[in-house]
Amino acid sequence: MQDYQVSAQGLWEDSHFIGGHVACDFANTVSDRVKTNRAEERFASPEQVESWCRSHHLVVPKGTGWISPDHIAALQELRDVGYGLLCKLIEGEAPSAADLSRVLKSAASLSIKPAVSGEGRTVFDLQKTVLQSGEDLPGLLALYILDLIYTADRHRLRRCSRCGWLFYDRSKSARRRWCSMKSCGNREKAKRHYQQRVSGFS
Ligand SMILES: [Zn+2]
């Protein structure tokens, strides 16, 4: 498992979730994966995991006693395996059988029934799922990784080239390039503007 710097960013809020799919938001609990010397762990503490779950409206027990360091380690490991699998999908490559079986094994360990909703295609419904223990969190999130791998339109799944965050583009035009226009999109625009000005003076 990779070692990341611990992020100075605090707890999770609804506005941080730009992934468009729970599996993307889970993968995005590491910041700045593109410049790996700056990659930051944002699932470092029980408080961060708890706030991520609550912001996703997953019903969890009160406090943070339900998440142990072992649960966090299992989550971090699953997340990195999931991120690797989803990146392979984006690049049009076959997933590694070992990585896929790691996610399947985690999903098979789930001891609760996830809530489902939707007509036609059944979808997992995180907001109606009640989690009793941190033991079940990796299994629950593994289901979302599998859902994205097997049912999503892979051309809508993208990786922000500035920060490495993943997102599922649900827009009609499906031309979104950045995790968020507010952060990476605007930074890229400013960079291009600066480069044009510099080259204009040379
Ligand atoms: Zn980005």
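Right above here is the structure, for reference.
Here is a short report on the structure shown in this document. Within each chain, residues carry numbers counting from 1 in the order of the written sequence. The model is predicted, so local features are restricted to residues of pLDDT at least 70 and side-chain atom pairs to those at 80 or more, both for listing and for counting; the totals for chains, interfaces and linings are taken over all residues.

1. Focus on the overall build of the protein
Phase 1 of the analysis: The numbering of helices and of strands both runs from the N terminus, where a helix is a DSSP run of H or I of at least 4 residues and a strand a run of E of at least 2. Scanning the protein from N- to C-terminus turns up 6 helices and 7 strands.
Phase 2 of the analysis: Helices and strands appear in the protein in the N-to-C order β-α-β-β-α-α-α-β-β-α-β-β-α.
Phase 3 of the analysis: Here the protein has a C-alpha radius of gyration of 18 Å; the compact-globule value for 202 residues is 17 Å, and the two agree.
Phase 4 of the analysis: Summarising its shape, the C-alpha atoms of the protein cover approximately 65 × 40 × 30 Å along the three principal directions.
Phase 5 of the analysis: Any residue whose C-beta has 12 or fewer other C-beta atoms within 10 Å is treated as exposed, any with 20 or more as buried, and any in between as partly exposed, C-beta atoms being built from the backbone. Here the protein holds 202 residues, and 32% of them are scored as buried.
Phase 6 of the analysis: Once local pairs closer than 6 in sequence are excluded, the contacts in the protein between residues at least 24 apart make up 62%. For a compact globule the rule gives 2.2 Å times the number of residues to the power 0.38, and the radius of gyration it is set against comes from C-alpha atoms. Contact between residues is assigned whenever the C-beta positions, reconstructed from backbone atoms, fall within 7 Å.

2. Concerning unusual backbone geometry
The phi angle of most residues is negative, glycine excepted, and most peptide bonds adopt the trans form.
Phase 1 of the analysis: You will see that D32, though not glycine, has its phi angle at about 50°, which is positive.
Phase 2 of the analysis: With respect to the helices, strands and loops of the structure, D32 is situated in the loop between β2 (30-31) and β3 (40-41).
Phase 3 of the analysis: A positive phi angle, close to 50°, is found at A174, a residue other than glycine.

3. Quick look at the nonpolar core
One broad rule of soluble globular proteins: the nonpolar side chains tend to lie buried together.
Phase 1 of the analysis: Membership of the largest hydrophobic core comes to 42 residues, with the highest contact counts inside it found for A23, L86, L141, I145, F167 and C179.
Phase 2 of the analysis: Elements that contribute at least two residues to this core include exactly α1 (22-27), α2 (46-55), α3 (69-90), α4 (97-108), α5 (137-151) and β7 (166-168).
Phase 3 of the analysis: With sequence-adjacent residues up to four places away left out, L86 is seen in contact with A23, A27, L148, L157 and L166. In these notes, a nonpolar core means any group of buried Ala, Val, Leu, Ile, Met, Phe, Trp, Tyr and Cys residues linked to one another through C-beta atoms within 7 Å.

4. Describing the environment of R33
Phase 1 of the analysis: Considering the arrangement of structural elements, one finds R33 in the loop between β2 and β3.
Phase 2 of the analysis: Taking C-alpha positions, R33 is 29 Å from W66, a pair spaced 33 residues apart along the chain.

5. What about α3?
Phase 1 of the analysis: Working rule for helices: expected span equals 1.5 Å times residues minus one. If you check α3, its first and last C-alpha atoms are 31 Å apart, about what 22 residues at 1.5 Å a residue would give, namely 32 Å.
Phase 2 of the analysis: Along α3, the positions that sit buried rather than exposed are I72, L75, Q76, L78, R79, V81, G82, Y83, L85 and L86.
Phase 3 of the analysis: On its buried side, α3 packs onto α1, α2, α4, α5, β6 (157-159) and β7.
Phase 4 of the analysis: Trailing α3 by a residue or two, G92 shows a phi angle of about 75°, which is positive.

6. What about the packing of α4 against α5?
Phase 1 of the analysis: Here the axes come from fitting lines to C-alpha atoms, over the contacting stretch only for helices, and the angles between their N-to-C directions go from 0 to 180 degrees. Taken N-terminus to C-terminus, the directions of α4 and α5 make an angle of 130°; their axes are 7 Å apart at the nearest point. One finds that α4 runs oblique with respect to α5. Handedness of the crossing formed by α4 with α5: left-handed. Where α4 approaches α5, its residues V103, S106 and A107 are matched on the opposing element by P138, G139, A142, L143, I145 and L146.
Phase 2 of the analysis: In this count, Pro and Cys sit with the nonpolar residues alongside Ala, Val, Leu, Ile, Met, Phe, Trp and Tyr, while Asp, Glu, Lys and Arg are called charged and the others, Gly among them, polar. Of the residues belonging to the contact of α4 with α5, the class tally is 7 nonpolar, 2 polar and no charged. Roughly parallel refers to an angle under 35 degrees, roughly antiparallel to one over 145, roughly perpendicular to one between 65 and 115, and oblique to any angle outside these ranges. Each helix crossing is assigned a hand: it is left-handed if the near helix lies turned anticlockwise from the far helix by less than a right angle, otherwise right-handed if that turn is clockwise.

Spatial relationships are all this shows, so hold off on functional conclusions.
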